[in-house]
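# A look at the structure
Listed below, chain by chain, are the residues.
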Amino acid sequence: MRARPSVQHAAGFWIVAASFLLVMAYSTVPTPLYPLYQQQDGFPAFVITAIFAAYAVGVIVSLYLAGHVSDWLGRRRVLVIAVLISALSAVMFILWTEVPGLLVARFVNGASIGILTATATAHLSELRSIARPDENALVAASVSGAANLGGLSLGPLIGGLFAEYLPDPLMLPHIVFLVLLIVAAVLLLLVPETVDRPDDPPRYRPQRLSVPAGARRPFLIAAFGAFSGFAVLGLFTSLAPTFLGTTFMARDHLLAGATSFSVFAAAAAGQLLLARLRMPLQLAIAIAACATGLVLVAAGAILPEIVVFIAGGVIAGLGVGLLFKGAVGTTVALADPARKGETLSLIFLVAYSGLAIPVLIVGAALTFAPAASVLLVFVLIVLVATVTAGVLMRRRALATG
């Protein structure tokens, strides 16, 4: 039996969207703060990548264990839990600033994202379909995508503003977001539930993962594209401030945040602005953007020229956004309708692995090699990977019409 809501479905839609945006933004707020933590505790660059990887592992674990439980526990309840877990990570950041605390806080923060993403996406779709049944479903999907990638892009910019212009940047942003997250959790309690909780809930099991039957090769190509694309995003989310400081001697925290913001914003904008183009053309643009952008990133590191480096990151971000959209679109087309959630969960797990594993390798390499050399090798590998994945995905898109 659903509880009587205190707001209408239309208002609930925007409360969920704002909460989605808030939690996603908080997950990337620490990006420009990593050099400050490094300065405070004196740890090497590899530790930054480990802290970032803890976040990605938290996402992967929670997505696998709890990404689907809202189907029977209820969307609203699970969303509130996810937001409160994010708030718990803020408390950890405030009280435990040593490296072990940062690792645990980032893992907990990642766990909130894994629980939130699928639940908020489903809840937004259901709320909108009830509030405006005649509206195109793409509206809810667009708002969901904007909240997801938009939040990820805003976080580093907000963190940079705190670091550059406000006092106590390792405490104040976490305190502010803690308050905002608690407010969001309270507001979510007013949102209508869209799932009828069964009288006899199913026995818990982890999320099933499914490779489409008879379509293993195209799925693996799409997964490869998701993995390599997220590797580019991982670089700019975790190590961009380090490279800006060591390669370009640019230690402005706002610049570090703005750089990560620009890359994610380009990924989000590309998905929205080019949505009407046919998929083969989108993938052609993705190939060109990834290749051009990553070459410029490498050139910017060699010259060194910071404007070229950042411009390359923005162009590559545009390509990555389209590449990932193509990977998800391919997965949806291949999946058995009865097992679509399982197949999408697998592609997201692969993508978040791409966010963590390559960055960890880069961080380890920084312990014995110059930053510019490590960056060049990484860029070369990811350039080959993204272009190859894009070409193979485009070839299939052309073949299937």
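Scroll up to find the structure this text is about.
Residues numbered from 1 in each chain as written. Predicted model: local features only at pLDDT ≥ 70, side-chain atom pairs only at ≥ 80, totals over all residues. Heavy atoms only, no water.

## Let's talk about the overall build of the protein chain
Regarding its fold elements, the protein chain presents 15 helices and 0 strands. Its C-alpha atoms give the protein chain a radius of gyration of 20 Å, near enough to 21 Å, the size a compact globule of 401 residues would have. Every one of the 401 residues in the protein chain was classed for burial, and the buried ones make up 55%. At a minimum sequence separation of 6, the contacts of the protein chain that also span at least 24 residues come to 85%. Split by element, the accessible area of the protein chain, about 16600 Å² in all, is 69% carbon and sulfur. In the protein chain, 23 positive and 16 negative side-chain charges are present, and the distance between their average locations comes to 11 Å. (Helix = DSSP H or I, 4+ residues; strand = E, 2+ residues; numbered from the N terminus. Rg over C-alpha atoms; globule rule 2.2 N^0.38 Å. Buried < 20%, exposed > 50% of the residue type's maximum accessible area, 1.4 Å probe, protein only. Contact = heavy atoms within 4.5 Å. Areas by Shrake-Rupley, 256 points an atom, 1.4 Å probe, with all protein chains shown as cover. Lys, Arg positive; Asp, Glu negative; His and termini not counted. Charge placed at Lys NZ, Arg CZ, Asp CG, Glu CD.)

## Side note on the environment of Leu220
By secondary structure assignment, the location of Leu220 is in helix H9 (residues 216–238). Placed 111 residues apart in sequence, Leu220 and Thr331 show a C-alpha to C-alpha distance of 9.5 Å.

## Observations concerning the packing of aromatic side chains
Inspection of the entire model under this criterion finds 9 aromatic pairs. Taking 4.9 Å as the distance between ring centres and 90° as the angle between the ring planes, the aromatic pair formed by Phe13 and Trp14 counts as edge-to-face. When its relative accessible area of 48% is taken as the criterion, Trp14 is described as partly exposed. Taking 6.1 Å as the distance between ring centres and 40° as the angle between the ring planes, the aromatic pair formed by Phe52 and Tyr55 counts as tilted. Placement of both Phe52 and Tyr55 in helix H3 (residues 45–66) is noted, with a separation of 3 residues, approximately one turn of the helix. Note on Tyr55: relative accessible area 3%, which makes it buried. Chaining the aromatic ring pairs together yields one cluster made of Phe230, Phe324, Phe348 and Tyr352. Taking the ring centre of Phe13 as reference, the NZ or CZ of Arg128 above it sits at 4.7 Å. (Phe/Tyr/Trp six-rings, centres within 6.5 Å; stacked < 30°, edge-to-face > 60°. Lys NZ or Arg CZ within 6 Å of the ring centre and 35° of its normal.)

## Quick look at the side chain of Ser19
Positionally, Ser19 belongs in helix H1 (residues 9–28). The residues contacting Ser19, other than those within four sequence positions of it, are Ala184 and Leu188.

## A few points about a nonpolar patch on the surface
Together, Val57, Val61, Tyr64, Leu65, Phe107, Tyr204 and Leu209 line one region of the surface with nonpolar side chains, adding up to about 550 Å² of accessible area. No other element matches the 4 residues that H3 contributes to the nonpolar patch. Looking at the element boundaries, Leu65 is found in helix H3. (Patch = residues over 30% accessible without salt bridge, like charges linked within 9 Å, V, L, I, M, F, W, Y side chains within 5 Å. Salt bridge = Lys/Arg side-chain N within 4 Å of Asp/Glu carboxyl O.)

## As for unusual backbone geometry
Most of the time, phi is negative for any residue but glycine, and the peptide bond is trans. Geometrically, the link from Leu303 to Pro304 is a cis peptide bond, its omega value of -25° lying close to zero. Despite not being glycine, Asp168 has its phi angle at roughly 50°, a positive value. You can see Asp168 is positioned in the loop between helix H7 (138–165) and helix H8 (172–188). Of note, Met249 is a non-glycine position whose phi angle comes to about 55°, a positive value. With respect to the helices and strands, the residue Met249 is situated in the loop between helix H10 (240–247) and helix H11 (253–273). In this structure Met249 comes out as exposed when scored by relative accessible area, which is 58%.

## Side note on the packing of helix H5 (residues 75–95) against helix H6 (residues 99–131)
Packing of H5 against H6 brings their axes to within 8 Å, and their N-to-C directions diverge by 155°. Considered as vectors, H5 and H6 are oriented roughly antiparallel to each other. Our pair here, H5 against H6, has a crossing hand that is left-handed. Residue classes in the contact of H5 with H6 are distributed as 15 nonpolar, 6 polar and 4 charged. (Axes fitted to C-alpha atoms, helices over the stretch in contact; angles between N-to-C directions. Parallel < 35°, antiparallel > 145°, perpendicular 65-115°, else oblique. Left-handed = near helix turned anticlockwise from the far one by under 90°. Nonpolar A, V, L, I, M, F, W, Y, C, P; charged D, E, K, R; others polar.)

## A few points about the environment of Ile175
Tracing the backbone through its elements, the reader meets Ile175 in helix H8. With relative accessibility at 38%, the residue Ile175 sits in the partly exposed group. C-alpha of Ile175 to C-alpha of Trp14: the two residues are 161 residues apart in sequence and 24 Å apart in space.

## Details of the packing of H1 against H5
Think of two packed helices as two axes; the pair is described by the angle between the axes and how far apart they sit. Where H1 contacts H5, the two axes come as close as 11 Å, and the packing angle between them is 30°. When the axes of H1 and H5 are compared, the pair comes out roughly parallel. Relative to H5, the crossing made by H1 is left-handed. Contacts between H1 and H5 involve Val16, Val23 and Tyr26 on the former and, on the latter, Leu79, Val83, Ser86, Ser89, Ala90 and Phe93. Residue composition of the contact of H1 with H5, grouped by class: 7 nonpolar, 2 polar and no charged.

## Quick look at the environment of Thr119
The residue Thr119 is located in helix H6 in this model. Of the residues examined, Thr119 reaches a relative accessible area of 1% and is grouped as buried. Here the alpha-carbon distance between Thr119 and Asp71, two residues 48 residues apart in the chain, equals 8.4 Å. Contacts of Thr119, omitting those with residues within four sequence positions, involve Gly67, Ser70, Arg75, Val78 and Leu79.

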